Amino acid sequence: MATIEECRSALDKLSDNMQRAEGDVRDAAALDRSVSCHITDLDVTFVGRMRGGRIEVHETVQGPPPAKAEIRLVMAGDDLVALVDGELSFAKAWGSGRVKLHAGVRDLLQLRKLL
């Protein structure tokens, strides 16, 4: 089972990857939205903001997100690490229910370019 530190490191790596993106992916990464990532097996949520092509984690809270973010991810820690390391396909994980993504329709259309 991934630790809180490994999950935080995976989010930092995802942020770095987004920063280096080009073309349509870079446009999608440039959204300015509140973000939460609930890690179910650790029952911890990373809360922050996606802006300027990066994910800025402002706090880590115990339990589910304290407020409804514009973009919300829910998954196990091992799945987050595997997604960021390229060992798990987002489409496959989302289709099987291992990863849940909640966002507005316009944001989902943009985010599909990232994922």
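Definitions and cut-offs
- Residues numbered from 1 in each chain as written.
- Predicted model: local features only at pLDDT ≥ 70, side-chain atom pairs only at ≥ 80, totals over all residues.
- Heavy atoms only, no water.
- Helix = DSSP H or I, 4+ residues; strand = E, 2+ residues; numbered from the N terminus.
- Pairing = 2+ DSSP bridges.
- Axes fitted to C-alpha atoms, helices over the stretch in contact; angles between N-to-C directions.
- Contact = heavy atoms within 4.5 Å.
- Core = buried A, V, L, I, M, F, W, Y, C linked by side-chain atoms within 4.5 Å.
- Buried < 20%, exposed > 50% of the residue type's maximum accessible area, 1.4 Å probe, protein only.

Looking up the chain in an unreviewed UniProt entry gives the name Sterol-binding protein, with the organism given as Streptomyces purpurascens.

*Asks:* Mind showing me how you'd approach the environment of Thr-3 here?
*Replies:* Tracing the backbone shows Thr-3 in the segment before helix H1 (4-19). Put simply, Thr-3 and Leu-42 are 39 residues apart on the chain and 7.7 Å apart in space, counted from C-alpha to C-alpha.

*Asks:* Help me understand the sheet that holds strand E1 (residues 33-39), please; the structure alone is not making it clear to me.
*Replies:* Either a parallel or an antiparallel arrangement is found when strands of a sheet pair, and the pairing is made through backbone hydrogen bonds. With mixed pairing, five strands are arranged side by side in an open sheet as E3-E2-E1-E4-E5. Edge positions in the open sheet fall to strand E3 (54-62) and strand E5 (100-103), since each of these has one partner strand only. Neighbour-to-neighbour, the strand axes of this sheet turn through a mean angle of 20°, independent of strand direction. Examined bridge by bridge, E1 and strand E4 (residues 71-75) share five bridges and lie parallel to one another. For Val-35, the partnering residue across the bridge sits in E4 and is Ile-71. Across the sheet, H1 lies against E1, strand E2 (44-51) and E3, angled at about 160° from E3, the strand it touches most. The strands touched by helix H3 (residues 77-84) are E1 and E4; relative to E4, the strand with the most contacts, the crossing angle is about 110°.

*Asks:* What is the right way to look at the nonpolar core in this model?
*Replies:* Buried together is how nonpolar side chains tend to be arranged in soluble globular proteins. Grouped together as the largest cluster of nonpolar side chains are 30 residues, with contacts concentrated most on Ile-39, Met-50, Met-75 and Leu-80. Looking at this core, the elements that each hand over two or more residues are H1, E1, E2, E3, E4, H3, helix H4 (90-95) and E5. Beyond its immediate chain neighbours, meaning those up to four positions away, Met-75 contacts Cys-37, His-38, Ile-39, Thr-40, Leu-80, Leu-83, Arg-98 and Val-99.

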